[in-house]
There are 2 protein chains.
Amino acid sequence: MENKYVYSFDEGNKDMKSLLGGKGANLAEMTRIGLPVPFGFTITTEACNNYYAQGKVISEDVVEQIYSKLSLLEEKTQKRFGDPQNPLLVSVRSGAVFSMPGMMDTILNLGLNDESVIGLAALTQNRRFALDSYRRFIQMFGDVVLNIPKHKFDHIFDSKKSEKGYSSDVDLNPEDIQEIIAEYKKLVKREVHRDFPQDPQEQLMMAVKAVFDSWNNPRANVYRQLNNIPGNLGTAVNVQSMVFGNMGNTSGTGVAFTRSPITGEKKLFGEFLINAQGEDVVAGIRTPQPIAELEKTMPEVFKQFTDTATLLENHYKDMQDIEFTIERGKLYMLQTRNGKRTAKAAIKVAVDMVEQGLIDKKTAIGRIEPSQIDQLLHPTFDLAELDKATKIAQGLPASPGAACGQIYFTAEDAVEAKKNGIKSVLVRLETSPEDIEGMVAAEGILTARGGMTSHAAVVARGMGKCCVSGCSEIRVEESQKKMYIGEDIYKEGDFISLDGNTGFVYKGKIKTIEPEFSGDFSLIMSWSDEIRTLKVRANADNPKDASIAVKFGAEGIGLCRTEHMFFEEERIPAVRKMIVAGNKEERIAALNSLLSYQKEDFKGIFRAMGVRPVTIRLLDPPLHEFLPHTKEEIKNLSEQIGIEYNKLSAKIEELKEFNPMLGHRGCRLAVTYPEIYEMQTRAIMMAAIEVKKEDKLDVIPEIMIPLVGAVKELEYVRDVIEKTIYQVLEDAKEDIKYSIGTMIEVPRAALTADEIASQAEFFSFGTNDLTQMTYGFSRDDAGKFINDYKNKKILESDPFQTLDTVGVGKLIEMAARLGKSVRPDIKLGICGEHGGDPRSIQFCQSVGLNYVSCSPYRVPIARLAAAQAALK
Amino acid sequence: MENKYVYSFDEGNKDMKSLLGGKGANLAEMTRIGLPVPFGFTITTEACNNYYAQGKVISEDVVEQIYSKLSLLEEKTQKRFGDPQNPLLVSVRSGAVFSMPGMMDTILNLGLNDESVIGLAALTQNRRFALDSYRRFIQMFGDVVLNIPKHKFDHIFDSKKSEKGYSSDVDLNPEDIQEIIAEYKKLVKREVHRDFPQDPQEQLMMAVKAVFDSWNNPRANVYRQLNNIPGNLGTAVNVQSMVFGNMGNTSGTGVAFTRSPITGEKKLFGEFLINAQGEDVVAGIRTPQPIAELEKTMPEVFKQFTDTATLLENHYKDMQDIEFTIERGKLYMLQTRNGKRTAKAAIKVAVDMVEQGLIDKKTAIGRIEPSQIDQLLHPTFDLAELDKATKIAQGLPASPGAACGQIYFTAEDAVEAKKNGIKSVLVRLETSPEDIEGMVAAEGILTARGGMTSHAAVVARGMGKCCVSGCSEIRVEESQKKMYIGEDIYKEGDFISLDGNTGFVYKGKIKTIEPEFSGDFSLIMSWSDEIRTLKVRANADNPKDASIAVKFGAEGIGLCRTEHMFFEEERIPAVRKMIVAGNKEERIAALNSLLSYQKEDFKGIFRAMGVRPVTIRLLDPPLHEFLPHTKEEIKNLSEQIGIEYNKLSAKIEELKEFNPMLGHRGCRLAVTYPEIYEMQTRAIMMAAIEVKKEDKLDVIPEIMIPLVGAVKELEYVRDVIEKTIYQVLEDAKEDIKYSIGTMIEVPRAALTADEIASQAEFFSFGTNDLTQMTYGFSRDDAGKFINDYKNKKILESDPFQTLDTVGVGKLIEMAARLGKSVRPDIKLGICGEHGGDPRSIQFCQSVGLNYVSCSPYRVPIARLAAAQAALK
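All figures in this text were calculated on a predicted structure; none of them were measured in a lab.

The rules behind these values
- Residues numbered from 1 in each chain as written.
- Chains lettered and ligands numbered in written order.
- Predicted model: local features only at pLDDT ≥ 70, side-chain atom pairs only at ≥ 80, totals over all residues.
- Heavy atoms only, no water.
- Axes fitted to C-alpha atoms, helices over the stretch in contact; angles between N-to-C directions.
- Helix = DSSP H or I, 4+ residues; strand = E, 2+ residues; numbered from the N terminus.
- Left-handed = near helix turned anticlockwise from the far one by under 90°.
- Nonpolar A, V, L, I, M, F, W, Y, C, P; charged D, E, K, R; others polar.
- Least-squares fit on C-alpha atoms with pLDDT ≥ 70 in both.
- Buried < 20%, exposed > 50% of the residue type's maximum accessible area, 1.4 Å probe, protein only.
- Arc of directions from axis to C-beta.
- Contact = heavy atoms within 4.5 Å.
- Phe/Tyr/Trp six-rings, centres within 6.5 Å; stacked < 30°, edge-to-face > 60°.
- Parallel < 35°, antiparallel > 145°, perpendicular 65-115°, else oblique.
- pLDDT = per-residue confidence, 0-100.
- Pairing = 2+ DSSP bridges.
- Buried area = accessible area lost by both parts, 1.4 Å probe.
- Polar contact = N/O pair within 3.5 Å; in protein donor to acceptor, adjacent residues only side chain to side chain.

**Student:** Go over the packing of helix H24 (residues 584–609) of chain B against helix H28 (residues 674–695) of chain B with me, naming the residues and quoting the values.
**Tutor:** All names here are of chain B. As a packed pair, H24 and H28 sit with axes 7 Å apart at the nearest point and diverge in direction by 35 degrees. Crossing hand, H24 versus H28: right-handed. Each residue belonging to the contact of H24 with H28 can be placed in one class, and the counts come to 14 nonpolar, 2 polar and 10 charged.

**Student:** Any details on the relation of the copies chain A and chain B? Residues and values, ideally.
**Tutor:** Of the transformation placing chain A onto chain B, the axial shift is 0.0 Å and the rotation is 180 degrees, giving an RMSD of 0.3 Å. The operation mapping one copy onto its partner corresponds to a two-fold rotation axis. Identified as the residue of chain A closest to the rotation axis by C-alpha distance is A:Asn659, at 2.1 Å.

**Student:** For helix H20 (residues 543–551) of chain A, give the residues involved together with the corresponding values.
**Tutor:** Residues and elements named next belong to chain A. Of all the residues in H20, the buried ones are Asp545, Ala546, Ile548 and Ala549. Buried residues along H20 cover an arc of 160 degrees about the axis, so they all sit on one side. Seen from the buried face of H20, the exposed residues on the opposite side, beyond 90 degrees, are Lys544 and Lys551. Looking at the buried residues of H20, the elements they touch are helix H18 (455–463), strand E26 (535–539), strand E27 (557–561) and helix H23 (584–609). Count one or two residues on from H20 and you reach Gly553, which has phi positive near 95 degrees.

**Student:** Could you give me a rundown of the packing of aromatic side chains, with the residues and numbers involved?
**Tutor:** How two aromatic rings sit relative to each other is given by the distance of their centres and the angle of their planes. Applying the stated rule across the entire model yields 40 aromatic pairs over all chains. A centroid spacing of 5.0 Å and a plane angle of 90 degrees characterise the contact between A:Phe129 and A:Phe244, whose relative ring orientation is edge-to-face. Residue A:Phe129 is found in helix H5 (residues 127–144), and its partner A:Phe244 is found in the loop between strand E7 (235–241) and strand E8 (252–257); the two are separated by 115 residues along the sequence. Neither residue differs from the other here; A:Phe129 and A:Phe244 are each classed as buried. With a centroid separation of 5.7 Å and an interplanar angle of 85 degrees, the aromatic rings of B:Phe137 and B:Phe196 are classed as edge-to-face. Of this pair, B:Phe137 sits in helix H5 (residues 127–144) while B:Phe196 sits in the loop between helix H7 (174–192) and helix H8 (200–214), and the two are 59 residues apart along the sequence. Taking the relative accessible area as the measure of exposure, B:Phe196 reaches 4% and is therefore buried. Members of the aromatic cluster, connected to one another through ring pairs, are A:Tyr775, A:Phe777, A:Phe785 and A:Tyr789.

**Student:** Which residues make up unusual backbone geometry, and what are the values?
**Tutor:** Residue and element names in this part refer to chain A. Residues other than glycine seldom take positive phi values, yet Lys56 does so here, at roughly 60 degrees. Topologically, Lys56 is positioned in the loop between helix H2 (45–53) and helix H3 (60–77). The exposure class of Lys56 is partly exposed, given its relative accessible area of 42%. Here the phi dihedral of Arg328 falls at roughly 45 degrees; this positive angle occurs in a residue that is not glycine. If you trace the backbone, Arg328 turns up in the loop between strand E11 (320–327) and strand E12 (330–338).

**Student:** Help me get a handle on the packing of helix H23 (residues 572–580) of chain B against helix H25 (residues 631–641) of chain B, residues and values and all.
**Tutor:** All names here are of chain B. Taken N-terminus to C-terminus, the directions of H23 and H25 make an angle of 90 degrees; their axes are 11 Å apart at the nearest point. Considering the angle they form, H23 stands roughly perpendicular to H25. Facing H23, whose interface residues are Pro573, Arg576, Lys577 and Val580, H25 presents Leu637, Gln640 and Ile641. For the contact of H23 with H25, the class distribution of residues is 4 nonpolar, 1 polar and 2 charged.

**Student:** Could you give an account of the confidence of the model for chain A, with specific residues and numbers?
**Tutor:** When pLDDT is averaged along chain A, the result is 92; 98% of the residues meet or exceed 70. Our summary of model confidence lists the complex with pTM equal to 0.81 and ipTM equal to 0.80.

**Student:** Outline the sheet that holds strand E2 (residues 40–43) of chain B, listing residues and values.
**Tutor:** All names here are of chain B. One open sheet holds the 5 strands; their spatial order is E1-E2-E7-E5-E6, and the pairing between them is antiparallel. Looking along the sheet, the strands with just one partner apiece sit at the ends: strand E1 (6–8) and strand E6 (107–110). For this sheet, the mean angle separating the axes of adjacent strands, direction not counted, is 25 degrees. Inspection of the sheet shows E2 paired to strand E7 (residues 235–241) by 4 bridges, in the antiparallel sense. Along E7, the bridge assignment pairs Phe41 with Val239. Across the face of the sheet, H8 comes into contact with E2, strand E5 (90–96), E6 and E7 while running at roughly 145 degrees to E7.

**Student:** Describe the interface of chain A and chain B, and please don't skip the residues or the numbers.
**Tutor:** It is common to give the size of an interface as the accessible area lost on bringing the parts into contact. In this complex, chain A contributes 53 residues to the contact, which on the side of chain B involves 53 residues. Carbon and sulfur atoms make up 57% of the area that chain A and chain B hide from each other, which totals about 4700 Å². Together, A:Phe658, A:Leu662 and A:Arg748 form the three largest contributors to the area buried by chain A at its contact with chain B, with a combined 14%. Remark: the boundary between chain A and chain B carries 34 residue pairs in polar contact (both at pLDDT 80 or more). Only helix H25 (645–655), helix H26 (667–672), helix H28 (711–732), helix H29 (747–751), helix H31 (767–775), helix H32 (783–791) and helix H33 (808–822) of chain A provide two or more residues apiece to the side of chain A that touches chain B. Tallied by class, residues from the side of chain A that touches chain B come to 23 nonpolar, 10 polar and 20 charged.

**Student:** Now, about the sheet that holds strand E22 (residues 488–491) of chain B: what can you tell me, with residues and values included?
**Tutor:** Residues and elements named next belong to chain B. Judged by pairing direction, the sheet is antiparallel, and its 3 strands sit side by side in the order E20-E21-E22 without closing on themselves. Two strands lie at the open edges of the sheet, namely strand E20 (474–477) and E22, each paired on one side alone. Across the sheet, the axes of successive neighbouring strands diverge by a mean angle of 25 degrees, strand direction being ignored. One ladder, built from 4 bridges, connects E20 with strand E21 (residues 482–485); its direction is antiparallel. Residue pairing for E21: Glu477 is matched across the bridge by Lys482.

**Student:** Could you give me a rundown of the pairing of strand E28 (residues 614–617) of chain B, with the residues and numbers involved?
**Tutor:** Residues and elements named next belong to chain B. The two faces of E28 match: Val614 and Ile616 on one face and Thr615 and Arg617 on the other face are all buried. Strand direction decides the pairing type here: E28 and strand E29 (residues 702–705), joined by 3 bridges, are parallel. Looking at E29, one finds that Arg617 is bridged to Met704.

Okay, structure coming up:
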């Protein structure tokens, strides 16, 4: 049997979305339940894929089936395509599985030509209406199908108005419109070297092709990338007989939500226009009236509409976004779909519907898009002020939230500004670990370079701080303390505002509004906690972040990085002294001076977390990250620690690496300098002993060894750590439980996870590094080509944001399986960026991890996503 | 049943090497076949491992078994340990599975003490002999068991001689020796705060413990590392009753090979000393006589010895290295083992024995150590001159051979020197791709930094050029054109000599000798070719290397890197222009000027290879590798190609990467700039067309795409290439067959090899990069910690030299399996450094690869290793 590529509206239902697209499936469903839907048919997404497979040709098969359904439509409507007496007119609309902007706009009134326009005039007894419909059709078709710039049509239209001295469109009389049509047709001929197509069947096929083509237009592509929608789904095409909202004052058109998409409040929300066609509402040429006003104008239609709206909401058990048209007092439903909503509305609607008994808790949880609730956790701009603000650049939306402050170009200056009570935005070419304190001090961070997972982006997200990264439009001259955007110069102290949700940079000040958490939000979170089986921990490096994590519901710390502690002003000299030490004794002396700092760090974190588990990762970055690089800084350090400039400079040079990512870091440092991990272990255990005594808190530290690639590495380092623990406990005559585990972030560790599990009580998947090494992508450098990869559809999504389940995931699955084969009760978690990504969390659930760990600000997202994962 | 830890000589045989060690197994074997071997027993390697497992304690078990075998020995010899009338004396020697230097020296005469020495004197009627034996015993025991510096004993001995005015040891009379013994015992007391042990059983246990300890001494460790011997094998200990070669002129001792270990010639080779103990031969105090002289001195013993030697050679079917002692006219065999031999001898002995019918070809092939034949393929120093030369430093033996020349510090200077007929040694801090031409021009390369797989090492090995890398003793000041070693300064033009086999650097000139290949060598190669199933290809980037590869027996090119071609002086400006091009048109223009160069390169290579397959890898390194970095160079380039300095400098800055290894390179370049691969593809296909026309040569180019991590990348790039091929063939109206494949060098490619195989006709495992990414080790940076890893026994061998079969190997095995599951006839090869490493070749065979590819100079090694792999 040949494939069925075209379905009449009475052949489908709401569950056929992947074939008919969202719009088509819902039109079929409304038809099925007896609602007044103008008849029509849907060309399937498979037809679209077929079109691309054939090299952008609509195959014979599909053409035939379209014509066959067209005949059926003519029969049902008792009209004929191109009939000069009683012409069938149709709308043609795209309808993908997920609705997305950038797809082809609707084409209305298709079927009109020089003859049928006369028929339409006669039939409606309204010549002006018929001619204006034709004019609109030529314009729309010319724009979206023939690719003639819209402004050229506008120019003809406006010239006619000014030539005649009219102020409004309605002043145009039939003759004027006929002249415009003539001009439009000339324009078409001039632009595309052919006459405007008069054959309605040809018009239809050209429109279908345009819809298919629009699937691959740049805007749709970008949207799909941003929303992680696969590129091979295709779009359907809906062909529907026209009804007219512009047939006088008993006609009209409108859109309405069954509840407020902004607040979630349970009342009709929408607007309508009398005597207008669909696009007039959206186009904003005339100001529509609130939907409630319809009750006064057409009380019966209003009642019918509200009943239908309620019926649809109860039928779909979700808030609906409905398009309707009234033709001479008769209501037609043109579309219904689940309404898009803000995070706030999503939560309120879900909670209300559970209380209403319409859906259960599980369904409610499934309805909320986890990534969306990020909006609720960060400051936002005051919308009134935002409307008036001037956009000056756009970068990547690296870390959500809104920030406003005065520009500073160095971390030191931002810290200084903070001391003086000045709110700052730190603007850098790119950030490095030395900038951490400046990033803490600033309201937001703007960088010219670096992707979504650059240092600035990762650290800012960890801090819950607004960041716009990779803003290539700006040119930063750090030495001059100036930023250039085109011709404009921004100096230190100038105000700018950043939107971390969009990546926009604005000139001047915009008021920000702090987030509030509603009771509904807590309810959704508690329902999520009931449902999910994955634990959710946070990545937190200090007591403050640990407290935030607990506030957001973290059940422990999955990753406490110890290196950020090393960068604090009062410690960094000792750290540097340790690094450039000439021998082990000097190194130990320097380390000893860091011991009490580290111990206090850990005590603070243990206290913030109470009985919740804390996984502490021992020192990871290469040592050169802690060293100064400019002559000036090296000179200062030389004086500070009393090592000759030349010697110091040579040492710093010697520590440089070609590929630091694959260099002397992680447990490799401990193999060379065991004393570093000894000091850290001592600090951890002493902290545990002291909080036990001082706070009666029984802490079970989880000590994590980074960058292990071979079991012997782990064995060696574990031995160093255990000897130290034994000694500390002996000295203190105390008994503290602990566990020792490892990051799985080197491919080899995953491949040999059975061996490694013999020495590790837990695995934590460091998916950032694991992705870097498995893909061979340097996170810091991938910005140079990753966009080409997306544009050329080689990558569907950024593997640093959403876990590559095929490649990296295979290693995780393998490691989890091998690890359990040796140690069935091994604890498995993930602490890379992916730990806060909903799709990746789904994967973590599927391979049997015990917990995910993410930045404190993503904990609520992870809780919800984990619940959704458990439901799947 | 309890473990058996001790075996009498009549309980074992030659096949028990892993338990008894090589020496013990052979002593047992000789006993078994009835040769005159002084009786004794062997403490097993398991006892050694047990010793370490118990925390360096000889367990009760083992002690008991030693005593029990000791009783048996007393019974057999009718002597008793410590008996003042008839004392049993023994030798104690280590005996590992593989013999290795640095293990404990032999201890002779153990069992002597103040009483038994009197018994020995009475028994032998030679008081001087007895006392001198005791003296020697104390000295040896003091040195190797008690760790008292040897020179302290020598000092006492020499003082006595000079005090007495003696010129020779033999002048010492019994009383003198007794005085020396007294002084020795005082020395022992002073040094170790105890009396010299008088109890023979205690002496024995201390000696056994010393042997076990010596297993882990630094020298033995280093030897094991260099020779890839695992550290957990343990050593056995042989305890054997003494016979004395120093009982007068009817006694003697000697060592002999059944054939010449230097040339392989079939005649006894060795030497002996009359009236001497074993170590005298080795110690070189007296000059031994050639073994042939023994016939004159003791014709009967000589005949017995030659018969025994022949018997042993026929028994073991290999050249033997034999130790013997003659005690009062009676011959005793103390040891036999397969003799170590030079590569030349190994080949001659193997071939001769096949001709003799003693062994078959397969056994012959198995006898030759593949890594050893490297010696035969490179120049060596004239040994007479080498003896007199002054060593000034030691680095890593990065690329074998010997080189002598005048120092130059830049590639340009080396090139210039070559033009002037000067032989140079290029001395650099480290090399980079820009230095290639200089490396070609120089006789040898010396670098201060970089490991065995640094750029210098890899490239030099590829060229078959002598290289010493990572020579940290030298300090290179490139700007001053000076090299410092300690206080000494070497300037441009000074002569030095490098030994790439040892890593030694010598002052001044040393004559080098070019290698010659014997007929036996060719025979061994042809036998290897009969046996092996793996094909052997070479990595060659130009016609010259291709010719060398063919000469060495390469069956194709497995890796033709195209980037080295880009560095040539006349091309590099166009390459740079291409890189800094502002748009696609400029880039294409620059590429077009490279096209004919590339085409000629490929034609040359095709011609050199004839019908043999050639795999060409398209451009791989990040573009910044081709750009200059110093201000001066950038300025020159700016003038050369007419781009403003600031703009050019900014562009170069922009191209810099944090981790170039994981950056914008390989096929990622082609995703961004398809035109680069288009040009290269065009050059390849045009070259194939032209050699077809001009040389009637039907070439089937294999086009290889580097750094693929995802099938979509390969799909995209393959499409670019195939479109180009189609166009070239269309234009030329020709038909050329080709295949397209990919490197498997990114872990993700291996993990998803089934997907990738759908788009690849062949896989070539790039194990250099695959190891880097799987281990997370940067080859260029690992030098900083890899020695710590070896010293701490975390790594048994350098994973860049010998394939890590556990981790990286798992990926290779997986990729081979997945690839074949989708494309059963997929061609599989390896082109990393490991392709020339015998142990890695064994692995390649086991996972079913079709070929290995290595540097031309390693092709013979690979052919032999492949034959051995086929035999296993």
